[in-house]
Amino acid sequence: MDFSYGPEYDDFRGELKGFLAEHWPAGGGGEGESWEDMVERAARFRAQAVEQGYLLRWVPRQYGGSEQEPDAVKAAIIREEFHRTRAPDEPRGIGLMMLVPTLLERGEEWQKEKFVPATVAGDYKWCQGYSEPGSGSDLASLRTRGELVGDEWVINGQKIWTTNAIDADYMFCLCRTEPDVPKHAGISYLLVPMKQPGVEVRPLKQMNGGQEFNEIFLTDARTPADWIVGKRGEGWLVSRTTLKHERAGIGNALGPVNAFQGVVQLAKKTLRAGRPAIEDPEVRQRLAAIEGYVRSHEYSSHRQTSRAFRGKDLGRVSTMSKLISTNIGSEIAKLSLDLLGDEGMIDPLAQGESAESLGASRSWLTQYMFSLGIAIAGGTANIQRNVIGERGLGLPRDYYAQRSSGK
Amino acid sequence: MNFDTSEEQELLQETIAQFVANECPATRVREIFDGDTGHDPAFWKGLMELGLGGLVVPERFGGAGLEVIDLALATETLAYGGAPGPFFAHSLAALAIALGGSDAQCERWLPRLASGEALASVAFAEADGCWQPEEWQLAPGLKVSGAKHFVPSAELADLFVVGTAGGGLALVAAGEGVSVEAYEGVDRVRRMGTLRLDAAPAEVLGDAALAARVRDAACVLLAADAFGTAQRLLDMAVDYAKQREQFGVTIGHFQALKHQLADMAVEIEPARGLYWYAAHAFDHVPEDSARYAALAKAHISERAMQLGRDAVEAHGGIGFTWECDVQIWFKRAMLDRAWLGTPDVHRARAADLAGW
Ligand SMILES: Cc1cc2nc3c(=O)[nH]c(=O)nc-3n(C[C@H](O)[C@H](O)[C@H](O)COP(=O)(O)OP(=O)(O)OC[C@H]3O[C@@H](n4cnc5c(N)ncnc54)[C@H](O)[C@@H]3O)c2cc1C
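Residues numbered from 1 in each chain as written. Chains lettered and ligands numbered in written order. Predicted model: local features only at pLDDT ≥ 70, side-chain atom pairs only at ≥ 80, totals over all residues. Heavy atoms only, no water.

Looking only at helices and strands, chain B has 12 helices and 9 strands in total. The C-alpha radius of gyration of chain B comes to 20 Å, within 12% of the 21 Å expected for a compact globule of 356 residues. Its C-alpha atoms put chain B at 70 × 45 × 40 Å along the principal axes. Taken across its 356 residues, chain B has 61% of its residues classed as buried. Of the contacts formed within chain B by residues at least 6 apart in sequence, a portion of 75% connects residues at least 24 apart. Of the roughly 13,000 Å² that chain B leaves accessible, carbon and sulfur atoms contribute 52%. (Helix = DSSP H or I, 4+ residues; strand = E, 2+ residues; numbered from the N terminus. Rg over C-alpha atoms; globule rule 2.2 N^0.38 Å. Buried < 20%, exposed > 50% of the residue type's maximum accessible area, 1.4 Å probe, protein only. Contact = heavy atoms within 4.5 Å. Areas by Shrake-Rupley, 256 points an atom, 1.4 Å probe, with all protein chains shown as cover.)

On to the domain arrangement of chain A, then. Residue and element names in this part refer to chain A. Splitting chain A by domain gives domain 1 (7-91), domain 2 (97-233) and domain 3 (251-404). One C-alpha centre belongs to domain 2, the other to domain 3; they are set 29 Å apart. Taken together, the contacts link 6 residues of domain 2 with 7 residues of domain 3. Here domain 2 meets domain 3 over a buried area of about 620 Å², counting both sides, of which 64% is carbon and sulfur. Area buried by domain 2 at its contact with domain 3 is led by S137, M207 and N208, which between them contribute 67% of it. Linking domain 2 with domain 3 are 0 salt bridges, by the criterion used here. In this assembly, domain 2 and domain 3 are joined by 1 residue pair in polar contact (both at pLDDT 80 or more). The residue inventory of the side of domain 2 that touches domain 3, partitioned by class, reads 1 nonpolar, 3 polar and 2 charged. (Domains from an automatic or database assignment. Buried area = accessible area lost by both parts, 1.4 Å probe. Salt bridge = Lys/Arg side-chain N within 4 Å of Asp/Glu carboxyl O. Polar contact = N/O pair within 3.5 Å; in protein donor to acceptor, adjacent residues only side chain to side chain. Nonpolar A, V, L, I, M, F, W, Y, C, P; charged D, E, K, R; others polar.)

One pass over the full model with this rule turns up 54 salt bridges over all chains. Between D280(A) and R272(A) there is a salt bridge, with its nearest N and O atoms 3.3 Å apart. Overall, R272(A) belongs to the partly exposed group, its relative accessible area being 24%. A salt bridge links K143(B) to E176(B); the nearest nitrogen and oxygen atoms lie 3.5 Å apart. Of the two residues, K143(B) is situated in strand β2 (residues 143-152) and E176(B) in the loop between β4 (168-173) and β5 (178-183); the sequence distance between them amounts to 33 residues. Judged by its relative accessible area of 54%, E176(B) falls in the exposed class.

Turning next to the sheet that holds β4(B). Residues and elements named next belong to chain B. Spatially, β1-β3-β4-β7 is the arrangement adopted by the 4 strands of the open sheet, whose pairing is mixed. Only two strands of the sheet have a single neighbouring strand rather than two, namely β1 (120-123) and β7 (203-205). This sheet shows a mean twist of 30° between the axes of neighbouring strands, independent of strand direction. Here helix α5 (residues 87-100) sits on the sheet in contact with β1, β3 (159-164), β4 and β7, set at roughly 85° to β1. Helix-sheet contacts for helix α6 (residues 103-115) involve β1, β3, β4 and β7, and the interaxial angle to β7 is about 75°. (Pairing = 2+ DSSP bridges. Axes fitted to C-alpha atoms, helices over the stretch in contact; angles between N-to-C directions.)

Contact with chain A, which involves 48 residues of that partner, is made by 46 residues of chain B. Buried area between chain A and chain B, both sides added, is near 4,400 Å², and the carbon and sulfur share of it is 59%. When the buried surface of chain A facing chain B is broken down by residue, M1(A), R284(A) and Y299(A) rank first, second and third, together holding 17% of it. D4(B) is the salt-bridge partner of K312(A), the closest N and O atoms lying 2.9 Å from each other. At the surface where chain A touches chain B, the tally comes to 23 residue pairs in polar contact (both at pLDDT 80 or more). Of all the elements in the fold, those that place two or more residues in the side of chain A that touches chain B are α3 (72-85), α7 (254-269), α8 (281-309), α9 (321-340) and α12 (381-392) of chain A. When residues of the side of chain A that touches chain B are assigned to their parent elements, the largest contribution, 17 residues, is made by α8(A). Residue composition of the side of chain A that touches chain B, grouped by class: 21 nonpolar, 13 polar and 14 charged.

Shown next, in the form of structure tokens:
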């Protein structure tokens, strides 16, 4: 076990600090810098940071990444220093976190060349078109049709809950292309341009007031015949790859670790009986109890990363990351609401007088609700429990799921 | 970075698991559990022959010179197997001497503890739940008097590492001025007793920092023990769900039970990382050592106890019987949870140590 911030890491941090001081100096572009100039400067900086191996460490060099050995300690140092200097980070959107790993695992060479570099540079934005009004947990029942007409797919149907669809350039989308075979076998994974007449996006307002997700109406939308990942009818298999990365993304321990640090700060700032809440024994008990889960998840993740890199079996814990993370998220959310006290009655989007006191509490109130969205997105907690029970613990498959898949 | 066990460590765990499976399978654990002593001398002798008495004893004193992480890994595997006997306390006492003993003390005791020729234990708890070094009242000196409770294998031990007022430690050999009242503990494979000292000859062991270090090591080892215990409880419940039939199918088909089992797994699986890091920090990251030890002890012993409750429920009526083996690990969890202080005590310590 080799896991200390040894001298090797001090050197690494030193080099990184030097790099940041040189390429992202404080005050950077000066007073008069225009937005366009700033964007350009950030893009130049990112390219240099990739060149040096600080960003996109898991993406191969030939597709615009820096291809470095996974190292949680280095990754933590990079995060800290980038955060400290407010240097531009990776464009961690749906494209980078979900599509890129899918293409790297399953795409054709020309697809990787066309889509990966532009996506990792933040030039192509993506959305994930899986869920439909009638197909959520039972995703494989989806009905959006894709028909090959000449050298194009023609797509008709509806998608829903599609995060960031409004800004997306492209959608990776599950369509039924083989209507006459059992449901899992009839699906294909298509890449679809969003900016075309056959695609209409309508924002949906969420309970936390945000508008990240949308409905998409597809009416004779078109995409080239070879913009398909995997073969016809292999879409379900390909989508499992994406889903694995979505769940791993939500399951990443970094979110809970940061959220936990946040709630500790909140407990220092808020008052109970006139004293900082963090001095209250009950609050201390709850914080330490949550931290037990947070640190378990953090070090369990480091173990999994280390094992994955060496090609070792991850064991059943690999099916659990998403539920572990969202369980922690909900405990943190509940504690934050208790700490906020009366402010928990004010609409986080409130304007005017009632909102004046809110300040930093706004984001906690929004997060209190958003923690539920995260628990649902990418497969609900119950669906996770099915997966953990069946694939992790080897229990028998669900009767209804089995029957409806025709097996 | 490589936060994973080495090949040697994996081999250590496999060797122990294999040895336990051969020499002390569940049927034998049951015999010990229902027996009078909670101890199996032949099994203990075998563990000593494997070198487990001296894992953390330096090589020059006849040990393997390994670290607390290795000891913790061994502890996990033994707990999973339900191994009876004094391994925890014996190892902790040997570690205390190895960390803080004078040359003379090391030479006198460590080779014999490593070989198993002598058996050692630790005596910390005083009346009313005073487990922590800061709370000890027993006056130090060349002759010591007073009582210590919940001393593991008290009847069998040749040597005791005894906590004294001011957060110190003393070595007391069985014999003059030392008597033991054994009692029926809930964990019947790790029996305990009250140690009564009446002007017993004692030697000071190490300085004040040593007792705190030994407490941290104890937390790590109890966490590792609780982790192995919880894993066993989970596996028992899952195996039962694959065998037991109701309504014409194995009960693992029922989603309510499947989800309960999944939740049990989610509660315990990641905790492996926590006890590993706590053990690693003990050896290599001084600033995290005490805090992560406290966190691991509190968190994992609590998880193991809850898994024990869940595992009983998952077995239905048979789970509630004396005959069912679930109770053996359930009670192991009860000891891991309470020994050295309940989870809330260590959560409060973790909060203080965080500087909150
Ligand atoms: C914030 C957010 C962002 C999202 N972003 C996207 C996106 O970008 N792209 C996209 O395609 N989708 C997205 N989704 C959709 C998400 O994947 C679905 O909401 C989710 O899979 C659940 O489907 P559903 O909403 O139809 O609920 P349902 O499937 O109808 O589930 C309703 C309830 O029934 C339970 N249930 C259903 N089946 C079972 C079963 N077999 N066993 C036990 N319980 C069951 C569920 O657990 C749930 O509690 C997003 C959702 C949210 C909340």
